[in-house]
Amino acid sequence: MADQTHVLFVEDDDVIREATQLALERDGFVVTAMPDGLSGLEAFRADRPDIALLDVMVPGLDGVSLCRRIRDESTVPVIMLSARADSIDVVLGLEAGADDYVTKPFDGAVLVARIRAVLRRFGHAGGGQGGEPASAANGGVLTFGDLEVDTEGMEVRRAGRPVALTPTEMRLLLEFSSAPGTVLSRDKLLERVWDYGWGGDTRVVDVHVQRLRQKIGQDRIETVRGFGYKLKA
(Lines give C-alpha, C1' and ligand atoms only; values in the text may rest on other atoms or scores of the structure.)
Protein backbone atom coordinates (compact mmCIF):
# COMPACT_ATOMS: atom_id res chain seq x y z
CA MET A 1 0.00 0.00 0.00
CA ALA A 2 2.60 2.52 1.13
CA ASP A 3 4.59 2.60 -2.10
CA GLN A 4 1.46 3.73 -3.95
CA THR A 5 0.30 6.24 -1.37
CA HIS A 6 0.62 9.99 -1.84
CA VAL A 7 0.69 11.95 1.42
CA LEU A 8 0.09 15.68 1.72
CA PHE A 9 1.93 16.90 4.83
CA VAL A 10 1.35 20.47 6.06
CA GLU A 11 3.70 21.56 8.86
CA ASP A 12 5.33 24.95 9.46
CA ASP A 13 8.25 23.72 11.60
CA ASP A 14 11.10 23.14 9.16
CA VAL A 15 12.83 20.49 11.26
CA ILE A 16 9.66 18.46 11.91
CA ARG A 17 8.52 18.81 8.29
CA GLU A 18 11.82 17.64 6.80
CA ALA A 19 12.41 14.84 9.31
CA THR A 20 8.86 13.49 8.97
CA GLN A 21 8.98 13.69 5.19
CA LEU A 22 12.20 11.68 5.13
CA ALA A 23 10.76 9.10 7.54
CA LEU A 24 7.62 8.65 5.46
CA GLU A 25 9.59 8.42 2.24
CA ARG A 26 11.79 5.72 3.78
CA ASP A 27 8.59 3.74 4.35
CA GLY A 28 7.73 4.09 0.68
CA PHE A 29 5.24 6.94 0.76
CA VAL A 30 5.29 9.75 -1.79
CA VAL A 31 5.19 12.98 0.20
CA THR A 32 4.29 16.54 -0.74
CA ALA A 33 5.31 18.75 2.20
CA MET A 34 4.04 22.31 2.56
CA PRO A 35 4.83 24.96 5.21
CA ASP A 36 1.43 26.68 5.48
CA GLY A 37 -2.26 26.13 4.96
CA LEU A 38 -2.71 28.09 1.75
CA SER A 39 0.08 26.28 -0.08
CA GLY A 40 -1.28 23.05 1.39
CA LEU A 41 -4.71 23.75 -0.10
CA GLU A 42 -3.17 24.51 -3.48
CA ALA A 43 -1.17 21.27 -3.34
CA PHE A 44 -4.26 19.31 -2.37
CA ARG A 45 -6.21 20.65 -5.32
CA ALA A 46 -3.32 20.11 -7.73
CA ASP A 47 -2.18 16.66 -6.60
CA ARG A 48 -5.29 15.04 -5.05
CA PRO A 49 -3.29 13.06 -2.47
CA ASP A 50 -4.47 9.81 -0.89
CA ILE A 51 -4.25 11.18 2.65
CA ALA A 52 -3.58 14.53 4.33
CA LEU A 53 -1.56 15.13 7.52
CA LEU A 54 -2.35 18.59 8.83
CA ASP A 55 -0.71 20.35 11.75
CA VAL A 56 -3.29 22.34 13.70
CA MET A 57 -1.16 25.45 14.09
CA VAL A 58 0.09 26.49 10.66
CA PRO A 59 0.14 30.04 9.29
CA GLY A 60 -2.04 31.55 6.60
CA LEU A 61 -4.85 29.02 6.85
CA ASP A 62 -4.79 27.00 10.06
CA GLY A 63 -5.08 23.24 10.02
CA VAL A 64 -8.68 23.13 11.21
CA SER A 65 -9.80 25.58 8.51
CA LEU A 66 -7.79 23.68 5.92
CA CYS A 67 -9.47 20.46 7.00
CA ARG A 68 -12.89 22.07 6.49
CA ARG A 69 -11.89 23.25 3.01
CA ILE A 70 -10.66 19.79 2.10
CA ARG A 71 -13.78 18.15 3.49
CA ASP A 72 -15.97 20.50 1.42
CA GLU A 73 -14.33 19.08 -1.69
CA SER A 74 -13.37 15.52 -0.85
CA THR A 75 -13.74 12.54 1.48
CA VAL A 76 -9.98 11.91 1.43
CA PRO A 77 -8.79 10.78 4.88
CA VAL A 78 -7.38 13.50 7.13
CA ILE A 79 -5.20 13.10 10.22
CA MET A 80 -4.65 16.14 12.41
CA LEU A 81 -1.37 16.71 14.25
CA SER A 82 -1.63 18.52 17.58
CA ALA A 83 1.01 19.48 20.12
CA ARG A 84 -1.42 18.97 23.02
CA ALA A 85 -3.55 15.88 23.57
CA ASP A 86 -5.96 17.84 25.79
CA SER A 87 -6.27 20.77 23.41
CA ILE A 88 -9.66 21.95 22.20
CA ASP A 89 -7.96 22.01 18.79
CA VAL A 90 -8.20 18.21 18.72
CA VAL A 91 -11.99 18.31 19.04
CA LEU A 92 -12.25 21.20 16.60
CA GLY A 93 -10.23 19.24 14.06
CA LEU A 94 -12.45 16.19 14.42
CA GLU A 95 -15.57 18.33 14.17
CA ALA A 96 -14.15 19.89 11.01
CA GLY A 97 -14.09 16.44 9.42
CA ALA A 98 -10.76 14.90 10.40
CA ASP A 99 -10.76 11.12 10.78
CA ASP A 100 -8.09 10.82 13.44
CA TYR A 101 -5.35 12.76 15.19
CA VAL A 102 -1.80 12.18 16.42
CA THR A 103 -0.20 14.06 19.29
CA LYS A 104 3.18 15.74 18.84
CA PRO A 105 5.93 14.83 19.44
CA PHE A 106 5.20 11.53 17.75
CA ASP A 107 7.24 8.45 16.96
CA GLY A 108 7.65 7.88 13.23
CA ALA A 109 6.60 4.24 13.48
CA VAL A 110 3.41 5.23 15.35
CA LEU A 111 2.55 7.82 12.69
CA VAL A 112 3.06 5.27 9.91
CA ALA A 113 0.89 2.75 11.77
CA ARG A 114 -1.91 5.31 12.15
CA ILE A 115 -1.67 6.27 8.47
CA ARG A 116 -1.91 2.64 7.40
CA ALA A 117 -4.83 2.03 9.77
CA VAL A 118 -6.74 4.94 8.24
CA LEU A 119 -5.96 3.79 4.72
CA ARG A 120 -7.15 0.25 5.49
CA ARG A 121 -10.47 1.69 6.64
CA PHE A 122 -10.83 3.78 3.53
CA GLY A 123 -9.82 0.95 1.24
CA HIS A 124 -12.42 -1.36 2.77
CA ALA A 125 -15.33 0.85 3.76
CA GLY A 126 -17.55 -2.05 4.74
CA GLY A 127 -15.17 -3.78 7.11
CA GLY A 128 -15.12 -4.41 10.78
CA GLN A 129 -12.85 -6.57 12.85
CA GLY A 130 -11.91 -9.58 10.80
CA GLY A 131 -13.89 -8.48 7.72
CA GLU A 132 -17.32 -7.08 6.96
CA PRO A 133 -19.87 -6.52 9.69
CA ALA A 134 -22.88 -8.82 9.71
CA SER A 135 -25.12 -6.32 7.93
CA ALA A 136 -22.77 -6.00 4.97
CA ALA A 137 -22.12 -9.73 4.81
CA ASN A 138 -25.85 -10.45 4.62
CA GLY A 139 -26.38 -7.85 1.93
CA GLY A 140 -29.52 -5.88 1.14
CA VAL A 141 -31.04 -2.66 2.39
CA LEU A 142 -31.62 -2.19 6.12
CA THR A 143 -34.40 0.15 7.24
CA PHE A 144 -34.59 2.01 10.53
CA GLY A 145 -37.56 4.36 10.45
CA ASP A 146 -36.91 6.85 7.66
CA LEU A 147 -33.27 5.71 7.44
CA GLU A 148 -32.18 3.24 4.75
CA VAL A 149 -28.70 1.69 4.73
CA ASP A 150 -27.65 -0.12 1.55
CA THR A 151 -24.86 -2.36 2.83
CA GLU A 152 -23.86 -3.52 -0.65
CA GLY A 153 -24.03 -0.25 -2.56
CA MET A 154 -22.64 1.66 0.46
CA GLU A 155 -25.40 4.25 0.17
CA VAL A 156 -27.55 5.85 2.83
CA ARG A 157 -30.89 7.59 2.42
CA ARG A 158 -32.98 9.51 4.91
CA ALA A 159 -36.60 10.12 4.02
CA GLY A 160 -35.69 9.09 0.48
CA ARG A 161 -32.88 11.61 0.12
CA PRO A 162 -29.20 10.61 -0.21
CA VAL A 163 -27.01 11.20 2.84
CA ALA A 164 -23.35 11.98 2.15
CA LEU A 165 -21.11 10.19 4.63
CA THR A 166 -17.34 10.01 4.84
CA PRO A 167 -15.89 6.47 4.78
CA THR A 168 -15.28 6.64 8.53
CA GLU A 169 -18.88 7.72 9.17
CA MET A 170 -20.08 4.92 6.88
CA ARG A 171 -18.08 2.32 8.76
CA LEU A 172 -19.44 3.63 12.04
CA LEU A 173 -23.02 3.42 10.77
CA LEU A 174 -22.43 -0.11 9.45
CA GLU A 175 -21.24 -1.21 12.88
CA PHE A 176 -24.37 0.20 14.47
CA SER A 177 -26.70 -1.20 11.80
CA SER A 178 -25.14 -4.67 12.09
CA ALA A 179 -26.46 -4.88 15.65
CA PRO A 180 -29.42 -2.51 16.12
CA GLY A 181 -30.47 -2.15 19.72
CA THR A 182 -27.12 -3.51 20.96
CA VAL A 183 -24.91 -1.22 23.00
CA LEU A 184 -21.44 -0.80 21.49
CA SER A 185 -18.78 0.54 23.79
CA ARG A 186 -16.42 3.30 22.72
CA ASP A 187 -13.46 0.93 23.04
CA LYS A 188 -15.17 -1.63 20.79
CA LEU A 189 -15.93 1.04 18.20
CA LEU A 190 -12.32 2.25 18.32
CA GLU A 191 -11.20 -1.32 17.68
CA ARG A 192 -13.65 -2.06 14.88
CA VAL A 193 -13.92 1.28 13.08
CA TRP A 194 -10.56 2.92 13.75
CA ASP A 195 -8.60 -0.33 13.69
CA TYR A 196 -6.94 0.41 17.02
CA GLY A 197 -5.19 -2.59 18.47
CA TRP A 198 -4.32 -0.39 21.43
CA GLY A 199 -6.11 2.10 23.63
CA GLY A 200 -7.24 5.24 21.85
CA ASP A 201 -8.88 8.55 22.65
CA THR A 202 -12.63 8.03 22.90
CA ARG A 203 -13.20 11.65 21.87
CA VAL A 204 -12.67 10.41 18.32
CA VAL A 205 -15.73 8.19 18.71
CA ASP A 206 -17.84 10.82 20.45
CA VAL A 207 -17.24 13.48 17.81
CA HIS A 208 -17.92 11.08 14.94
CA VAL A 209 -21.15 9.93 16.57
CA GLN A 210 -22.12 13.59 16.90
CA ARG A 211 -21.38 14.18 13.22
CA LEU A 212 -23.28 11.05 12.22
CA ARG A 213 -26.31 12.13 14.26
CA GLN A 214 -26.39 15.45 12.44
CA LYS A 215 -26.73 13.57 9.16
CA ILE A 216 -29.06 10.68 10.01
CA GLY A 217 -31.11 12.21 12.84
CA GLN A 218 -30.22 13.28 16.36
CA ASP A 219 -32.43 10.65 17.98
CA ARG A 220 -31.35 7.71 15.80
CA ILE A 221 -28.26 6.87 17.89
CA GLU A 222 -28.88 6.67 21.62
CA THR A 223 -26.28 7.34 24.31
CA VAL A 224 -26.23 4.71 27.05
CA ARG A 225 -24.44 6.43 29.89
CA GLY A 226 -21.43 4.58 31.19
CA PHE A 227 -21.54 2.01 28.40
CA GLY A 228 -21.57 3.48 24.90
CA TYR A 229 -24.02 3.94 22.05
CA LYS A 230 -26.71 1.97 20.26
CA LEU A 231 -28.75 2.38 17.09
CA LYS A 232 -32.49 2.49 17.71
CA ALA A 233 -34.10 -0.41 15.88
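Conventions and cut-offs
- Residues numbered from 1 in each chain as written.
- Predicted model: local features only at pLDDT ≥ 70, side-chain atom pairs only at ≥ 80, totals over all residues.
- Heavy atoms only, no water.
- Pairing = 2+ DSSP bridges.
- Helix = DSSP H or I, 4+ residues; strand = E, 2+ residues; numbered from the N terminus.
- Contact = heavy atoms within 4.5 Å.
- Axes fitted to C-alpha atoms, helices over the stretch in contact; angles between N-to-C directions.
- Buried < 20%, exposed > 50% of the residue type's maximum accessible area, 1.4 Å probe, protein only.

Asks: What's the story with the sheet that holds strand β7 (residues 147–150) in this structure? I'm lost.
Replies: Backbone hydrogen bonds hold the strands of a sheet together, and the pairing may be parallel or antiparallel. Taking strand neighbours across the sheet as the criterion, the four strands line up as β6-β7-β8-β9 in an open arrangement whose pairing is antiparallel. The sheet is open, and its two edges are formed by β6 (141–144) and β9 (161–162), each paired on a single side. Pairing analysis gives four bridges linking β6 to β7, with the strands arranged antiparallel. The residue bridging Thr 143 from the neighbouring strand is Glu 148, located in β7. Contacts from helix α7 (residues 167–178) reach β6, β7 and β8 (155–158), with the element oriented near 105° to β7.

Asks: I would appreciate a short explanation of unusual backbone geometry in the present structure.
Replies: One can expect most non-glycine residues to show negative phi and most peptide bonds to be in trans. In this structure, Pro 105 follows Lys 104 across a cis peptide bond, with omega equal to -5°. Mapped onto the elements of the fold, Pro 105 is located in the loop between β5 (100–103) and α5 (108–123). Backbone geometry at Met 154 places phi at a positive 55°, although glycine is not the residue there. Within the secondary structure layout, Met 154 lies in the loop between β7 and β8. Given a relative accessible area of 30%, Met 154 falls into the partly exposed group.

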